[in-house]
Amino acid sequence: MNEHGMDHGALLAQSVGDFVQHGADLPRVRALAQGRAEFDAAQWRQLAELGWLGVLVPESCGGLGLGLAEAAIVAEGLGRALTPEPYTAVAVLAARTLEGAAASPLREELLAGLAAGSRLPVLAWQEQPDDFGGLQLATTAMPFEGGFRVSGEKSFVVGAAAADGYVVSALAGGELQLLWIPRDAGGCSTAAQPLADGRSYGRLALRDVVVPREHLLASGAAARAALDRALDHAATVTAAELCGVMKRAHEMSLDYMKTRVQFGKPIGSFQALQHRAVDLHIQQELADAVLREVVAELDAGPDPAARARAASRAKSRCAEAALAITRAAIQFHGAIGFTEDCDVGLYAKRAMTLSAWLGNGRAHRARYARLSAPAAREAA
Amino acid sequence: MSDWNALSDEDFRKEVRAFFENEFPEEYKFLPRRMRWHECRDWYLKLSKKGWIAPNWPREHGGMGLTPAKLLIYYEETERAGVGRMPDQGLTMVGPTLIRFGNDAQRAYFLPKIIAGEAIWCQGYSEPNAGSDLASLRTEAVPDGDDYVINGSKIWTSMAHDATHIYVLARTDKAAKKKQEGISFFLVDMKTPGITLRTIRNIAGHEEFCQVFFDNVRTPKHNLVGELHKGWTIAKGLLGFERLNIGSPRRPLQAMEKLETLAQARGLMADPAFVERLTQLQLDLADLGSLYRRYVDKVRRGEALGPDVSMLKVWSMDTYQRLSELLIEAAGEYGAVEGEVAIGGENVDVLSPFYNSRPGTIYGGSNEIQRNILAKYVLNLPS
């Protein structure tokens, strides 16, 4: 509670509302394709000052100590505005992983810095596509007196463009380890792989990177638990971001259908287009309803199997709905929708990158099937 | 009477499951059609005696007053046990309408009769020339002394041949400017002289609905519900309930159970192409549950349902039909066989979900009409 009697959650919702009202800086988003930096330090500071980066960070580390419900509100707002900064990668995926790590001065330092915006840790957990959980792990951490020597390659690292270091997964003696590797550590190099929406994945090459023992964040079952939980939570918050993207894109389509005149009438009066717009609206509302339920379910702290099933349900529905809505937005806008100048293309591309990251719709459907085919009934 | 809402979800589910599994008559479980009154009367009375006949009504009127979560569990367990669909218009439609729009005398007279199984209701809405365009209905009610005199005809009236009462939309003001104005909502006893029935066989061969003829049928003036000429508002309020009811996941759930049983029995879970399609439908159904609970929560908070509830009906019935179609496909050659077939040690009626899911996209306003409504009133698209 602050002096106005509002709790953090209410304040947060208000500040996200203001942010969304302010609108998106779409010229900046468009310029990403021409090489403009995907990370803006001033914007990031603002997100930190608003408290958004520390939504999930415990209060003892200077965060707000709130839940996924609040993180989802922030992510949906950022999705609407097409903000390119790596909110979910840092403030959810990295924050949740660090939160799950064993208490240590490094953990507290990274979490506090993450919330304040002064540190930018991201997770480097994935090596192969379609490997949610990072089970196909080839990176090794060879123990030696005083630390580890880490070698391997990591892909699909969102947020790497601005990261000051990585939480890297590696195997030591067949056991999962999570280790902190500063960006400028000797033997660690980062290459950018450009994405459709102007952002990038980082590709990490780790060659005999020397990591001191104090940089070991979690090990064995504890590391596995922290990583799995963080991935489910980040996939769910990405679903929220996709909700923001799809809602704004569909609004743009509906606005256009009301104003664009052909055959002497607004095209939105044609039943073929109306029914198509309605079916997409239904997908949007399904996505919204699922997301809200899943977020509440995850905040209640379910067992890992239920959590995984719920997260996959949210990501698959929200990813598919966002893709359908943004692709239809191009069609509804006609030839203009196919131009670089038209904003709907920016939304379609963001939907594509957010859908692909952390498992696309198909991957999460397959995961849902593996986890719980007979239990699907119970969820309905 | 117990406070069911005080039980944990698990305890409530256990209790409901045990009762449905043990008490619902074996011979009617998973009946591939609606139950006739003579078949379900004992069950209806048993539920009534137990206080379980109206899970969706408030307790003050004899219902269970269940929270949305509990109500869903109740419906899920109904499906799981294969409890058949009874003539339920009184429970799902008339009760909630009288609670919201009726007067004290109507509630005091009719609600206990519904609970006791003494009044079985059917719905007099559609007419031969008023289907999707319901507001163009021509059945007429004219005041005469203490009565209204009704003339005209209603059609597609489900279970009218089992009903003791019918609720009727009739035109009371032919001069009204808009066709939606000048319609009133009446309660009519089916024993009233002048009512005749013609039964109609549906596509599956069952006598499920009727045409009802009104020839100078007199109903007392106190059987007018709400204000004169304002019946359309009530009908729309009812359609909200109806769309919520049609939008419930419980009917598609039953088809999903069959599909999962059949898939296991035929070894289809080893076919990745089939599993992908099955999973998509499982998610469509699970996500329907999320959307449904959103609306049930609204109803329980006492909020009126807006036109957006139409999307629930569209999605639910669309999902139900796609499920019934995958069931037929999963059955291979058996997908052409009428009635129950033994497949891999399981008895499955492959075609009944296909038949049962057909009318859902037609009645209560076709899915195409629902999309028109959503386009106009929710998306505010021009006409």
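As the structure is a computational prediction, the values presented were derived from the model and not from experiment.

Further remarks concern the overall build of chain A. Per the secondary structure count, chain A includes twelve helices and ten strands. The globule rule puts the C-alpha radius of gyration for 380 residues at 21 Å, and the 21 Å found for chain A is close to it. Taking the principal axes of its C-alpha atoms as reference, chain A extends roughly 80 × 50 × 50 Å. Within the span of chain A, comprising 380 residues, buried residues form 58% of the whole. Counting only contacts in chain A whose residues sit at least 6 apart along the sequence, the fraction spanning at least 24 positions is 73%. Here chain A displays about 14,600 Å² of accessible surface, and carbon together with sulfur accounts for 54% of that area. Each charge sign in chain A was given a centre, from 37 positive and 42 negative side chains, and these centres are 7 Å apart.

Before going further, it helps to examine the overall build of chain B. Helices and strands together make up the secondary structure of chain B, namely eleven helices and ten strands. A globule of 383 residues ought to have a C-alpha radius of gyration of about 21 Å, and chain B, at 21 Å, matches this closely. For chain B, the spread of C-alpha atoms along the three principal axes comes to 70 × 50 × 40 Å. Residues counted as buried form 57% of the 383 residues belonging to chain B. Look at the contacts in chain B between residues 6 or more apart in sequence, and 71% of them connect residues 24 or more apart. Within the structure as shown, chain B displays about 15,900 Å² of accessible surface, and the carbon and sulfur contribution to it stands at 50%. Here chain B carries 48 positive and 51 negative side-chain charges, and the mean point of each set is 5 Å from the other.

The phi dihedral of F156 of chain A falls on the positive side, at around 60°, and the residue is not glycine. Residue placement: F156 of chain A occurs in strand β3 (residues 147-158). Assessed through its relative accessible area of 22%, F156 of chain A is described here as partly exposed. Backbone geometry at W156 of chain B places phi at a positive 60°, although glycine is not the residue there. Relative to the helices and strands, W156 of chain B resides in strand β3 (residues 147-158).

Residues and elements named next belong to chain A. Annotation of chain A at the domain level lists domain 1 (8-119), domain 2 (122-219) and domain 3 (222-379). Using C-alpha coordinates to define each centre, domain 2 is positioned 29 Å away from domain 3. The interface of domain 2 with domain 3 comprises 18 residues on the first partner and 19 residues on the second. The residue D130 makes a salt bridge to R362 at a minimum N-O spacing of 2.6 Å. Scanning the region where domain 2 abuts domain 3 turns up seven residue pairs in polar contact (both at pLDDT 80 or more). For the side of domain 2 that touches domain 3, the secondary-structure elements that each account for two or more residues are β3, β5 (175-182) and β8 (216-219). Of the residues belonging to the side of domain 2 that touches domain 3, the class tally is twelve nonpolar, three polar and three charged.

With that settled, consider the pattern of salt bridges. Under the counting rule described, the total for this entry stands at 55 salt bridges over all chains. With a closest N to O distance of 2.7 Å, D343 of chain A and R30 of chain A form a salt bridge. Here the residue D343 of chain A occupies a position in helix α10 (residues 343-356), and R30 of chain A occupies one in helix α2 (residues 26-31), the gap between them amounting to 313 residues. Overall, the relative accessible area of 24% leaves D343 of chain A in the partly exposed class. Salt-bridge contacts for R277 of chain B lead to E329 of chain B; the nearest nitrogen and oxygen are separated by 2.7 Å. Linking R277 of chain B in helix α8 (residues 272-300) with E329 of chain B in helix α9 (residues 310-330), this pair joins segments that are 52 residues apart in sequence. Classification of E329 of chain B by relative accessible area gives partly exposed; the value is 48%. Taken together, the shared-partner salt bridges in this structure form one network comprising E293, R313 and R317 of chain A together with D284, D287, R293, D318 and R322 of chain B.

The next subject is the packing of helix α1 (residues 9-23) of chain B against helix α3 (residues 68-81) of chain B. All names here are of chain B. Two elements in contact, α1 and α3, have axes whose closest approach is 9 Å; the angle formed by their N-to-C orientations is 30°. Here α1 lies roughly parallel to α3, going by the angle between them. Crossing hand, α1 versus α3: right-handed. Of α3, the residues touching α1 (which contributes D9, F12, R13, V16, R17, F20 and E21) are A69, K70, I73, Y74, E76, E77, T78, R80 and A81. A per-class count over the contact of α1 with α3 returns seven nonpolar, one polar and eight charged.

Before going further, it helps to spend a moment on the packing of helix α4 (residues 68-80) of chain A against helix α5 (residues 87-99) of chain A. Any two packed helices are characterised by the angle at which their axes cross and by the distance between the axes. All names here are of chain A. For the pair α4 and α5, the least separation of the axes is 10 Å and the interaxial angle reads 160°. Here α4 is positioned roughly antiparallel relative to α5, judged by the angle of their axes. In this structure, α4 meets α5 at a crossing whose hand is left-handed. When α4 is examined against α5, the residues L68, A71, V74, A75 and L78 are found in contact with a partner set consisting of Y87, T88, V92 and R96.

Here the focus is the domain arrangement of chain B. Per the domain assignment, the segments making up chain B are domain 1 (4-86), domain 2 (121-234) and domain 3 (247-378). Taking the mean C-alpha position of each, domain 2 of chain B and domain 3 of chain B sit 31 Å from one another.

To continue, consider the packing of aromatic side chains. Tallying each qualifying case throughout the model produces 25 aromatic pairs over all chains. Relative to Y74 of chain B, the ring of F20 of chain B lies with its centre 5.3 Å away and its plane at 85°, an arrangement referred to as edge-to-face. A residue pair is termed long-range when its members are at least 10 positions apart, and F20 of chain B in helix α1 and Y74 of chain B in helix α3 qualify at 54 residues. On the basis of an interplanar angle of 65° and a centroid distance of 6.3 Å, the ring pair of W52 of chain B and Y74 of chain B is categorised as edge-to-face. On the criterion of sequence distance, the pair formed by W52 of chain B in the loop between α2 (37-50) and α3 and Y74 of chain B in helix α3 is long-range, its members being 22 residues apart. For the residue pair W52 of chain B and Y74 of chain B, the accessibility class agrees, reading buried in each case. Taken together, the ring pairs in this structure connect W4, F12, F19, F20, F24, W43, W52, Y74 and Y75 of chain B into an aromatic cluster. For the cation-ring pair, R149 of chain A lies above F144 of chain A, with the distance from its terminal atom to the ring centre recorded as 4.8 Å.

Below, the discussion takes up the interface of chain B and chain A. Each partner contributes to the interface: chain B provides 37 residues, whereas chain A provides 35 residues. Roughly 3,200 Å² of surface becomes buried between chain B and chain A when both sides are summed, with 59% attributable to carbon and sulfur atoms. Note that R293 of chain B is salt-bridged to E293 of chain A, the shortest N-O span being 2.5 Å. One can count 16 residue pairs in polar contact (both at pLDDT 80 or more) joining chain B with chain A. Those elements that place two or more of their residues in the side of chain B that touches chain A are α3, α7 (250-265), α8, α9 and α11 (367-378) of chain B. Residue contributions to the side of chain B that touches chain A peak at 16 residues, all from α8 of chain B. Grouping the constituent residues of the side of chain B that touches chain A by class yields 17 nonpolar, eight polar and twelve charged.

A separate point is the nonpolar core. In this structure, Y87 and Y166 of chain A together with F20 and Y74 of chain B are the most contacted members of the largest nonpolar core, which totals 214 residues. Among the elements that line this core, the one with the most residues is helix α7 (residues 220-259) of chain A, at 17 residues. The residues touching Y87 of chain A, leaving out its near neighbours within four places in the chain, are W44, W52, L53, V55, A71, V74, A75, L78, V92 and V237 of chain A. Core analysis: the next-biggest nonpolar cluster, separate from the first, contains 18 residues, A141, I166, M190 and L224 of chain B among them.

Conventions used here
Residues numbered from 1 in each chain as written. Chains lettered and ligands numbered in written order. Predicted model: local features only at pLDDT ≥ 70, side-chain atom pairs only at ≥ 80, totals over all residues. Heavy atoms only, no water. Helix = DSSP H or I, 4+ residues; strand = E, 2+ residues; numbered from the N terminus. Rg over C-alpha atoms; globule rule 2.2 N^0.38 Å. Buried < 20%, exposed > 50% of the residue type's maximum accessible area, 1.4 Å probe, protein only. Contact = heavy atoms within 4.5 Å. Areas by Shrake-Rupley, 256 points an atom, 1.4 Å probe, with all protein chains shown as cover. Lys, Arg positive; Asp, Glu negative; His and termini not counted. Charge placed at Lys NZ, Arg CZ, Asp CG, Glu CD. Domains from an automatic or database assignment. Salt bridge = Lys/Arg side-chain N within 4 Å of Asp/Glu carboxyl O. Polar contact = N/O pair within 3.5 Å; in protein donor to acceptor, adjacent residues only side chain to side chain. Nonpolar A, V, L, I, M, F, W, Y, C, P; charged D, E, K, R; others polar. Axes fitted to C-alpha atoms, helices over the stretch in contact; angles between N-to-C directions. Parallel < 35°, antiparallel > 145°, perpendicular 65-115°, else oblique. Left-handed = near helix turned anticlockwise from the far one by under 90°. Phe/Tyr/Trp six-rings, centres within 6.5 Å; stacked < 30°, edge-to-face > 60°. Lys NZ or Arg CZ within 6 Å of the ring centre and 35° of its normal. Buried area = accessible area lost by both parts, 1.4 Å probe. Core = buried A, V, L, I, M, F, W, Y, C linked by side-chain atoms within 4.5 Å.

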